[in-house]
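Residues per chain, in single letters:
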Amino acid sequence: MKPDRNSSKSNSRPKVQLSRRAFISKTALVASAISIVPRHVLGKGFVPPSDKVNLGYIGLGKQSITLSNAFMVHTDQAQIVAGSDVWTTKNNWFKAHVSSLYAEKRNQGHYKGITTTGNYLEILERDDIDAVIVATPDHWHAIQAIGAMKAGKHVYCEKPLTLKIQEGIDMVETVKKTGKVLQTGSMQRSWATFQKATEIVQNGHLGDIKKVLVNVGDPAVPFNMSPEPVPAEVDWNQWCGPAPLLPYNQRLSPPESKAFFPDWRLFNETGGGILTDWGAHMFDIAQWGLGMDRSGPVKFVPPADKNAVRGMRMFYENGIEMVHEDFGRGWGVRFIGSKGNLDISRSYLETDPPSILKSQTSKKEDMKSRGNHYQNWIDAIKNGTPLIADVEIGHRSATVGNICNIAYQLGRTLEWNPSKEKFIGDKEANKMKSRKNRKY
C-alpha cells in the first residue's frame, strides 16, 4: 500500500492544552484515588505511569534489529507493537524477531503481539501507539519524524538527524509546537568514556582548548552505482520517496539476508557520506566538549585542493579551530589544550600527559558502561525528565557535517551565523540548506 500524501489523518490530531506536569498537578486528587490511569483520561500523547509505552518502528533494516533488542532488553516500560517497511520481507523478518523475543510475555498475557505494514502512515494513525523509532535512510528522517510528532507521537530518530539543514530547523520548531519528546540516536552521549572525556575538557583540565581534530569519513558524492533489477519484494518508488528516483542496486538497499550494511549513506541523494554518518557521532562529541550544543562554528574553510576529502577547517566565534583531519587513530576526536591533549573514540580514552586522566578518574567508575540511552527517552516521555540528546543537540551536530558537505562541494570559505542559521552573503550556499523533494 502506498502512503496517501494528501491524507489529513496524520495532521489532524487535537492539540494538548496542558503539559503533562500541569495536568498531573491539576488532577492529583483524582489520580491518587485510582491505581491505573487510562490513556483516554490523560489525552493523546500522554502515557500514564501504569502503562508501557507502545512503540512503532519505521524502517526495518539491520539497525532496527539493534534498536529492537535495545528497547526490549534495556527498557522495562516499553513494548514494540508495530513495524513498517517498504520491503515485505523485512516486515516479516522484523515481526518474527520481535515475536520470538516476546514469546514468553505473550504467553503470560502481558503482550498482544506485533503487526507490520508497508505504509508507515498507518502507524502514525494508530491511537494505541505512543512513540515511534525512525530508522530509515537519512532522506526520510525529517518527513517521518515531523509527521509522527504532528500525529501525537514521541520520536526516537536515528543519527544523523537530518540530511539538510532546513530539515533540522523544521524538526526543532515542530518539537516546540507539539511538545513531543524527540531523542537523537547519538548513544555515545550515554557512554561513560565520552562523558568522562567531555567532563575533563569542560572543567579545564586540558587548559585552554586551542584546536580540535575530528577524524571521520569522506564527504558525500553523487550516486554512481550500476542499475540492477528491482526485487519484487520492495516498493522502490517509496524507498526513494522524496529523493530522486534512483536506479536500484543491492548495495544501496540490500535484502535482509545480506550481511553488509547499505551504502545509501555515501550519496548526496540519500545521505551525507561517512562525513555525516560518523560525524553525527564525533562532531557531536566535539560540540559537547566545547559547550557548543546550541551553536556551532562560524567559518568553514575548505582545503585548496578541491578534490580533497579531508582538511576542512572550522572556526568558532571564540577562536577555537576544529579540523576534519585523520590523526591516525581511526574515527575519533582529539582535543588540544594549553596543558595537554585528550584522545577519545569508542576504543580508547587517553590524555597526554596520562596524569590528567588518572587524576580525574575514580577507581569506582565503570568506564565501560554504555548507559541506557533508550530508557532515558522512555523516562522523558513518562516523567518529563531531561533528554541526553534532544532535538537541537542532534540538529546542531548534524548541521556541522551538512555545512562541511556544502563547503567541500562549493570549494570556498563559508561564513555561518549559528543564531540565524544562515550563511552570510552567499545565496548559493543558502539555497543548499534545503532541496525540493520529489513527488512520490
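Presented here is an overview of the structure given in this document. Residue indices begin from 1 for each chain and proceed along its sequence in written order. Only residues with pLDDT of 70 or above have their local features reported here, since the model is predicted, and side-chain atom pairs are shown and tallied only from 80 upward, although totals for entire chains, interfaces and linings are computed over all residues. Just so you know, side-chain values use all the structure's heavy atoms and leave hydrogens and water out.

**What to know about unusual backbone geometry**
Then step 1. For the bond running from K159 to P160, omega is -10 degrees, close enough to zero to count as cis.
Then step 2. The residue after D352, namely P353, is reached through a cis peptide bond having omega 10 degrees.
Then step 3. Under the DSSP-based scheme used, a helix requires at least four consecutive residues in state H or I and a strand at least two consecutive residues in state E, with every element numbered from the N terminus. As for its placement among the helices and strands, P353 is situated in the loop between β13 (349–352) and α14 (355–360).

**With respect to empty space enclosed by the protein**
Then step 1. Points on a 1 Å grid, built from protein atoms alone, make a cavity when a 1.4 Å probe fits but cannot get out and make a pocket when they are open with protein on both sides within 12 Å along at least 5 of 7 lines; residues with an atom within 4 Å of a point are the lining residues. Grid points are joined across faces, edges and corners, and a volume is the space filled by probe spheres set on the points. If you walk through the whole model with that rule in mind, you get four cavities of 30 Å³ or more.
Then step 2. Counted as a void, the largest cavity has a volume near 60 Å³.
Then step 3. Here the lining of the largest cavity gets four residues from one element, more than from any other, and that element is helix α16 (residues 391–410).

**Considerations on the side chain of Q188**
Then step 1. Tracing the chain through its elements places Q188 in the loop between β6 (182–184) and α10 (192–202).
Then step 2. Filtering out sequence-adjacent residues up to four positions away, Q188 remains in contact with F194, W278, H281, M282, I285 and R346. For this analysis, residues touch if any pair of their heavy atoms sits within 4.5 Å.

**Concerning the sheet that holds strand β3 (residues 115–117)**
Then step 1. Strand pairing follows a simple DSSP-based rule, namely that at least 2 bridges must link the two strands. Read from one edge of the open sheet, six strands run β3-β2-β1-β4-β5-β6, paired in parallel fashion. In this open sheet, the two strands that pair with only one neighbour each are β3 and β6. Direction aside, the axes of adjacent strands within the sheet are offset by 25 degrees on average.
Then step 2. Sheet topology places strand β1 (residues 53–58) next to strand β2 (residues 78–84); six bridges connect them, and they run parallel. Bridged to Y57 within β2 is G83.
Then step 3. Sitting on the sheet, helix α15 (residues 373–383) is in contact with β1, β2, β4 (131–134), β5 (154–157) and β6, with an inclination near 165 degrees to β5. Orientation is described by axes fitted as lines to C-alpha atoms, over the contacting stretch for helices, and by angles from 0 to 180 degrees between their N-to-C directions.

**Structural notes on the sheet that holds strand β7 (residues 209–215)**
Then step 1. As summarised here, the arrangement of the nine strands in space is β13-β12-β11-β7-β10-β9-β8-β14-β15, forming an open sheet in which the pairing is mixed. Of all strands in the sheet, those bounded by a partner on one side alone are β13 and β15 (422–423).
Then step 2. Pairing analysis gives two bridges linking strand β8 (residues 299–301) to strand β14 (residues 414–417), with the strands arranged antiparallel. Within β14, the position partnered with F300 by the bridge is L414.
Then step 3. The strands that helix α13 (residues 279–289) touches are β7, β9 (313–315), β10 (321–324), β11 (332–337) and β12 (341–344); relative to β11, the one it contacts most, it runs at about 30 degrees.

**What to know about the pairing of β5**
Then step 1. Any residue under 20% of the maximum accessible area for its type is buried, any over 50% is exposed, and the rest in between are partly exposed; the area is computed with a 1.4 Å probe on protein chains only. Going residue by residue along β5, you find H154 and Y156 tucked away on one face and V155 and C157 tucked away on the opposite face as well.
Then step 2. By definition, the crossover connecting two strands over a helix is right-handed if that path, from the first strand to the second, turns clockwise as seen with the strands pointing away from the viewer. One crossover worth recording links β4 to the parallel β5 by way of helix α8 (residues 138–150), and it is right-handed.
Then step 3. Pairing of β5 with β6 involves three bridges; the strand directions are parallel. Paired with Y156 across the bridge in β6 is Q183.
Then step 4. Handedness of the β5-helix α9 (residues 165–178)-β6 crossover: right-handed.

**With respect to the pairing of β12**
Then step 1. Sheet analysis places β11 next to β12, joined by four bridges and oriented antiparallel. Paired with I336 across the bridge in β12 is N341.
Then step 2. Counting the residues between successive antiparallel strands, the hairpin from β11 to β12 contains three residues.
Then step 3. One ladder, built from four bridges, connects β12 with β13; its direction is antiparallel. Bridge assignment links N341 to a residue of β13, and that residue is D352.
Then step 4. In this antiparallel pair of consecutive strands, β12 and β13, the connection spans four residues.

**A few points about the pattern of salt bridges**
Then step 1. Salt bridges, as used here, are contacts in which a Lys or Arg side-chain nitrogen is within 4 Å of a carboxyl oxygen on Asp or Glu. Enumeration according to the criterion identifies 20 salt bridges in this entry.
Then step 2. One salt bridge in this structure joins K196 and E365, with 3.2 Å as the shortest N-O distance. Of the two residues, K196 is situated in helix α10 and E365 in the loop between α14 and α15; the sequence distance between them amounts to 169 residues.
Then step 3. Of the residues examined, K196 reaches a relative accessible area of 4% and is grouped as buried.

**Let's talk about the packing of α8 against α9**
Then step 1. In contact at an axis separation of 10 Å, α8 and α9 are set at 10 degrees when each is read in the N-to-C sense. Between α8 and α9, the angle falls in the class roughly parallel. Facing α8, whose interface residues are A142, A145, I146, M149 and K150, α9 presents E167, D170, M171, T174, V175 and T178.
Then step 2. Ten residues, namely Ala, Val, Leu, Ile, Met, Phe, Trp, Tyr, Cys and Pro, are considered nonpolar, four, namely Asp, Glu, Lys and Arg, are considered charged, and the remaining ones, Gly among them, are considered polar. Of the residues that constitute the contact of α8 with α9, the class distribution is six nonpolar, two polar and three charged. Roughly parallel means an angle under 35 degrees; roughly antiparallel, over 145; roughly perpendicular, 65 to 115; everything else is oblique.

**Digging into α9**
Then step 1. Given a rise of 1.5 Å per residue, 14 residues ought to cover 20 Å, and the 20 Å separating the end C-alpha atoms of α9 matches this to within 8%.
Then step 2. Every buried residue of α9 is accounted for by I165, E167, G168, I169, M171, V172, T174 and V175.
Then step 3. Buried positions along α9 lie against α8, β6, α16, β14 and β15. Helices are assigned an expected span. That span is 1.5 Å times one less than the residue count.

**Describing α15**
Then step 1. Most of α15 is tucked away, with nine of its 11 residues classed as buried.
Then step 2. Those residues of α15 not exposed but buried are H373, Y374, Q375, N376, W377, I378, A380, I381 and K382.
Then step 3. At the C-terminal side of α15, G384 shows a positive phi close to 70 degrees.

**Comments concerning the packing of α13 against α16**
Then step 1. Taken N-terminus to C-terminus, the directions of α13 and α16 make an angle of 115 degrees; their axes are 9 Å apart at the nearest point. Viewed along their axes, α13 and α16 adopt a mutual orientation that is roughly perpendicular. The handedness of the crossing between α13 and α16 comes out as right-handed. Two secondary-structure elements touch here, α13 through A280, F283, D284 and Q287 and α16 through I393, R396, S397, V400, G401 and C404.
Then step 2. Of the residues contributing to the contact of α13 with α16, the split by class is five nonpolar, three polar and two charged. Note on convention: near helix rotated counterclockwise from far helix by under a right angle means a left-handed crossing. Clockwise means right-handed.

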